[in-house]
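Here's the letter readout for the chains.
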Amino acid sequence: MEKERKKILSGIQPTNTPTLGNYLGALDNWVKLQQEYDCTYCIADLHSITVRQDPQQLRKQVYESYTLLLAMGVDPEHSTAFVQSQNCQHAELSWVLSCFTQFGELSRMTQFKDKSAKHPENINAGLFTYPVLMAADILLYQADLVPVGIDQKQHLELSRDIAMRFNNIYGDVFTLPEAYIPTDTAKIASLQDPTKKMSKSDENPNASISVLDDRDTIIRKFKRAVTDSDSHVRYAPGKDGINNLMTIYGAVTGKTYEQTEKEFDGKGYGEFKLAVGEATADRLAPIQAEYARLSADKKYIEECMKNGAEKAFKSSRRTLQKVYKKVGYIVL
Ligand code: TRP
């Protein structure tokens, strides 16, 4: 029999189309991890309404994100790809875990502080308990490893603390999850301010590349990318803009900085920017083609969602029942 593989769980919010940074830094890695791990990937739509959403837009975004995961290479047969709101047990476990999470702990979450500063008109309780729901996502599936960006590390540590606290009271219920922060994936910065990370919520549309941007748009955005007054394509301290473009070029072509420096020796930034744009468009083209193919078949997508939700429900059922019994609920 196949030896039991370690479990991976990760989630992504469906708000906004993923950027090139999300793809190269995270999603492409989700695809690769499937070879080695038992992977569960969740479209975290429950999390999304902590910020006010337009219902029609949210629905559209969930279809889009889910379809994109498949288009990028997440295999819905081999792995579990599902929409969070379609497995009711996330909300149920979240309630129980919230009773094992301290007000003080949640108050210290930097993302809560940032988000409440950004939306002072809507500091809702869901925004505050967001990390508890995330802990439920992870602990329901007994995940060993959780691939996340550095910005989610604090939430992951909290998940671990909650799991430990629960286990200390009730025995071994939860696997203690570990953050899996890959060091070899590219960290992509904004094209307009290369000291900032490329973000899908950036107000300046030229700052980020969406994985669904068409070829001309991609090339135009790279042409406008902020660089410095030097003109040699070389990786050096202080040349954040060029360094970022070289990182992108390397990530999409597999070339090292050295190879790129040689390739563009004696050539200017203009030529280099065009090459980065073209290489990026080439890299995204097959994903976009597959996305177009899949999204024309809504029935198939909904079937995958349904199967995914069933698989997710089944693999998390035992955890929730165990938790309910442990706290003293009657499970019939
Ligand atoms: N909060 C994560 C983010 O915004 C998304 C997320 C939701 C997640 N649930 C998760 C990530 C569970 C990892 C595990 O990036």
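Residues numbered from 1 in each chain as written. Predicted model: local features only at pLDDT ≥ 70, side-chain atom pairs only at ≥ 80, totals over all residues. Heavy atoms only, no water.

Participant: Is there a simple way to think about unusual backbone geometry in this case?
Facilitator: Comment: phi is negative for the bulk of residues other than glycine, and the bulk of peptide bonds are trans. At Asn16, a position not held by glycine, the phi torsion is positive, near 70°. The topology assignment puts Asn16 in the loop between β1 (7–12) and α1 (20–33). Its identity as a non-glycine residue notwithstanding, Gln142 has a phi of 55°, on the positive side. Tracing the backbone through its elements, the reader meets Gln142 in the loop between α7 (125–140) and β4 (145–147). (Helix = DSSP H or I, 4+ residues; strand = E, 2+ residues; numbered from the N terminus.)

Participant: It is not clear to me how the state of the cysteines should be interpreted in this structure. Could you clarify?
Facilitator: Two cysteines joined by a covalent bond between their sulfur atoms form a disulfide. Under the definition given, this model contains zero disulfides. A disulfide-free cysteine, Cys42 has its sulfur positioned 13 Å from the sulfur of Cys39, the nearest such atom. Residue class for Cys42 comes out buried when judged on its relative accessible area of 1%. The closest cysteine sulfur to the non-disulfide-bonded Cys304 is located on Cys42, 16 Å from its own sulfur. On the basis of relative accessibility, which here comes to 8%, the residue Cys304 falls in the buried class. (Disulfide = S-S within 2.5 Å. Buried < 20%, exposed > 50% of the residue type's maximum accessible area, 1.4 Å probe, protein only.)

Participant: Got a minute to help me understand the packing of helix α4 (residues 89–98) against α7 in this structure?
Facilitator: If you want to describe how two helices pack, look at the angle between their axes and the distance between the axes. Look at α4 against α7: their axes get within 8 Å of each other, and the N-to-C directions meet at 115°. For the crossing formed where α4 meets α7, the hand is right-handed. Together, Gln89, His90, Leu93, Ser94, Leu97 and Ser98 of α4 and Val132, Leu133, Ala135, Ala136, Asp137, Leu139 and Leu140 of α7 make up the contact between the two elements. For the contact of α4 with α7, the residue count by class is eight nonpolar, four polar and one charged. (Axes fitted to C-alpha atoms, helices over the stretch in contact; angles between N-to-C directions. Left-handed = near helix turned anticlockwise from the far one by under 90°. Contact = heavy atoms within 4.5 Å. Nonpolar A, V, L, I, M, F, W, Y, C, P; charged D, E, K, R; others polar.)

Participant: Explain the environment of Asp193 to me, please; I cannot follow it from the model alone.
Facilitator: With respect to the helices, strands and loops of the structure, Asp193 is situated in the loop between β5 (178–180) and α9 (215–223). Exposure remark for Asp193: the relative accessible area of 28% places this residue in the partly exposed category. As a C-alpha pair, Asp193 and Thr319 span 126 residues in sequence and 44 Å in three-dimensional space.

Participant: Whenever I open this one, the site of the ligand confuses me. Can you help?
Facilitator: Within the structure, the ligand sits among 13 residues, and Gly11, Tyr130, Met134, Asp137 and Gln152 are positioned closest to it. One nitrogen or oxygen atom from the side chain of Tyr130 is found 2.7 Å from a nitrogen atom belonging to the ligand. The side chain of Gln152 places a nitrogen or oxygen atom 3.2 Å from a nitrogen atom of the ligand. For the ligand, whose unbound accessible area comes to 360 Å², protein coverage reaches 88%. At four residues, α7 tops the list of elements feeding residues into the shell around the ligand. (Near = heavy atom within 4 Å. Polar contact = N/O pair within 3.5 Å; in protein donor to acceptor, adjacent residues only side chain to side chain. Areas by Shrake-Rupley, 256 points an atom, 1.4 Å probe, with all protein chains shown as cover.)

Participant: Hey, could you run me through the side chain of Gln89 in this one?
Facilitator: Structurally, Gln89 can be placed in helix α4. Residue Gln89 is classed as buried on the basis of its relative accessible area, which comes to 3%.

Participant: Teacher, can you tell me more about the environment of Asp28 here?
Facilitator: Of note, Asp28 is situated in helix α1. Between the alpha carbons of Asp28 and Val74 there is a distance of 9.1 Å; along the sequence they are 46 residues apart. Setting aside residues no more than four positions away along its own chain, Asp28 makes contact with Tyr23 and Arg283.

Participant: Before we go on, may I ask you to explain the pairing of β1 in this structure?
Facilitator: Each regular strand displays side chains that alternate between the two surfaces of the sheet. Of the strand pairs in this sheet, β1 and strand β2 (residues 38–43) are connected by six bridges, and their pairing is parallel. Looking at the pairing, Ile12 lines up with Ile43 of β2. (Pairing = 2+ DSSP bridges.)

Participant: Even after reading the chapter, I still don't get the environment of Tyr249, so can you show me in this structure?
Facilitator: Mapped onto the fold, Tyr249 is located in helix α10 (residues 240–253). By relative accessible area, which is 4% here, Tyr249 ends up buried. Beyond its immediate stretch of four places on either side in the chain, Tyr249 contacts Gly254, Lys255, Thr260, Glu263, Phe264, Phe272, Ala275, Val276 and Ala279.

Participant: Before we go on, may I ask you to explain the packing of aromatic side chains in this structure?
Facilitator: Each aromatic ring pair is specified by the distance between its two centres and by the angle formed by the two planes. Per the stated rule, a full pass over the model turns up 13 aromatic pairs. Taking 5.7 Å as the distance between ring centres and 45° as the angle between the ring planes, the aromatic pair formed by Phe82 and Tyr141 counts as tilted. Taken together, the residues span a long stretch of sequence, with Phe82 in strand β3 (residues 80–83) and Tyr141 in the loop between α7 and β4 at a distance of 59 residues. Their ring planes at 25° and their centres at 4.1 Å tell us that Tyr235 and Tyr257 sit as a pair that is stacked. In this pair, Tyr235 is assigned in the loop between α9 and α10 and Tyr257 in helix α11 (residues 257–263), connecting sequence segments 22 residues apart. Judged by its relative accessible area of 38%, Tyr235 falls in the partly exposed class. The partly exposed category is assigned to Tyr257, whose relative accessible area is 32%. Put simply, the rings of Phe100, Phe166, Tyr170 and Phe174 pair up and form one aromatic cluster. (Phe/Tyr/Trp six-rings, centres within 6.5 Å; stacked < 30°, edge-to-face > 60°.)

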